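Architecture at a glance
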Amino acid sequence: MKWSPISIVLCLHTSVPSSAFIPSSISSAFQVRQNKAPTNAGRTDTNLSMVSPGSIYRTAKAAAPAIATAVVAGAGLVKLLDRPSRTYGDGTVAKEYDEWTQDGILEYYWGEHIHLGYYNEEEMAAGYKKKNFIQAKYDFIDEMASLGGISAETDGNAKVLDVGCGVGGTSRFLAKKLGPNAQVTGITLSPNQVKRATELAVEQEVPNANFLVKNALEMDYPDNTFDIVWACESGEHMPDKKKYIDEMMRVLKPGGKFVMATWCQRDDRDVPFTKKDERDLNYLYEEWTHPYFISIESYAELIDDTGMMNSVTTADWKVQTIASWRHSVWVGVYDPRGFIFKPHKYIKCIRDGYCLERMHRAFDRGLMEYGMFAATKKI
């Protein structure tokens with residue numbers, strides 16, 4: 001294993017045997033190795049019998065301060081990491097994505113797609129780390145397009161809006177997938193993302209994809225502008241979920257297709273959140289500059305309440321996406337070149353790795369859900 005700031009997270013917040021923290025001097029004193037030759041009594045002798053209790057005691061006593069220091073330091077670091085550092089506020093989303101884009105670490109590991117990947121049953125059974133991390137993201141786009149009924153055959157001339165486009169990976173993928181007659185527009189709050197997305201569109205020769213800095217809650221498009229509205233993992237950052245939905249439904253043409261993917265918290269109306277649930281959610285809100293999450297059910301109600309849409313299809317893709325969280329950490333462990341020469345980013349990488357693990361655990365225990373939505377606009 002290559003040790004890196006991210007691998008520290010795996011030691012801090014996953015199950016690590018206590019022996020991992022025991023100094024080698026103690027470990028070797030207690031090590032039991034069998035001799036090949038049997039003793040006269042027909043028993044197997046061990047090296048433990050040759051270590052006196054006094055020497056073991058002295059070794060343990062000498063190492064005790066080191067063990068205590070390591071335990072206290074580890075506990076102190078976890079306590080520090082449990083304190084969110086990037087709370088939501090005016091301009092914080094654009095600022096964070098500008099920084100992520102500029103330092104290049106996220107793009108190095110996640111590629112062009114700043115969203116989770118898709119892992120089918122066979123891939124999970126074989127072990128998610130065997131799947132190419134970047135390919136999982138492309139598979140997610142294909143599956144999301146399938147859910148929305150989007151294809152080159154039916155949407156070859158479509159005008160598409162990608163709400164929260166990141167560095168434009170999905171926008172360019174859709175522009176290529178739907179063909180040269182389709183026109184895809186990606187919008188984001190981050191000027192650096194628009195710059196990078198445009199550079200990549202030129203490099204990849206995708207002239208039918210363009211990118212703009214625009215607030216999804218205050219779009220200046222006329223009503224009924226787009227044939228397809230696509231939103232992947234942007235709702236998390238929206239401070240007004242109702243306005244977010246209303247605006248997307250407004251700019252969608254009658255008969256147009258809407259498809260959305262977003263992290264959701266479970267519906268707490270029947271089973272209220274515990275104090276631990278509330279603490280965990282608050283951390284997830286405030287570490288990655290999210291104002292708040294809502295449930296799959298609440299999003300469906302907001303879509304229905306617009307009165308503009310036909311029946312909405314919903315799903316929870318937790319099972320298909322949950323591997324992404326830990327896979328994100330492991331790619332950094334296996335290949336530290338993305339950040340190893342950027343020591344000023346080490347603390348940020350540790351915080352991000354720790355938050356990825358916290359996200360995994362929240363999804364794994366059902367506190368969080370991965371919401372998928374598809375609907376068409378009434379004619």
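Residues numbered from 1 in each chain as written. Predicted model: local features only at pLDDT ≥ 70, side-chain atom pairs only at ≥ 80, totals over all residues. Heavy atoms only, no water.

For the rest of this paragraph, the subject is the overall build of the protein. Per the secondary structure count, the protein includes 16 helices and seven strands. Counting the 379 residues in the protein, one finds 49% classified as buried. Sequence separation of at least 24 residues holds for 82% of the intrachain contacts in the protein that already meet a minimum separation of 6. In the form shown here, the protein has an accessible surface area of approximately 18300 Å², with 55% of it arising from carbon and sulfur atoms. (Helix = DSSP H or I, 4+ residues; strand = E, 2+ residues; numbered from the N terminus. Buried < 20%, exposed > 50% of the residue type's maximum accessible area, 1.4 Å probe, protein only. Contact = heavy atoms within 4.5 Å. Areas by Shrake-Rupley, 256 points an atom, 1.4 Å probe, with all protein chains shown as cover.)

Think of two packed helices as two axes; the pair is described by the angle between the axes and how far apart they sit. The geometry of helix α11 (residues 241–251) relative to helix α13 (residues 296–305) is characterised by a closest axis approach of 9 Å and an angle of 45 degrees between their N-to-C directions. Accordingly, the angle class assigned to the pair α11 and α13 is oblique. As α11 packs across α13, the resulting crossing turns out to be right-handed. Every residue of α13 that contacts α11 at K241, K242, Y244, I245 and M249 is listed here: Y299, L302 and I303. Among the residues making up the contact of α11 with α13, the classes are represented as six nonpolar, no polar and two charged. (Axes fitted to C-alpha atoms, helices over the stretch in contact; angles between N-to-C directions. Parallel < 35°, antiparallel > 145°, perpendicular 65-115°, else oblique. Left-handed = near helix turned anticlockwise from the far one by under 90°. Nonpolar A, V, L, I, M, F, W, Y, C, P; charged D, E, K, R; others polar.)

Here N224, not a glycine, exhibits a phi torsion of approximately 60 degrees, which is positive. Tracing the chain through its elements places N224 in the loop between β3 (209–213) and β4 (226–232). In this structure, E233 is a non-glycine residue whose phi angle is positive, near 55 degrees. Relative to the elements of secondary structure, E233 occurs in the loop between β4 and α11. When its relative accessible area of 10% is taken as the criterion, E233 is described as buried.

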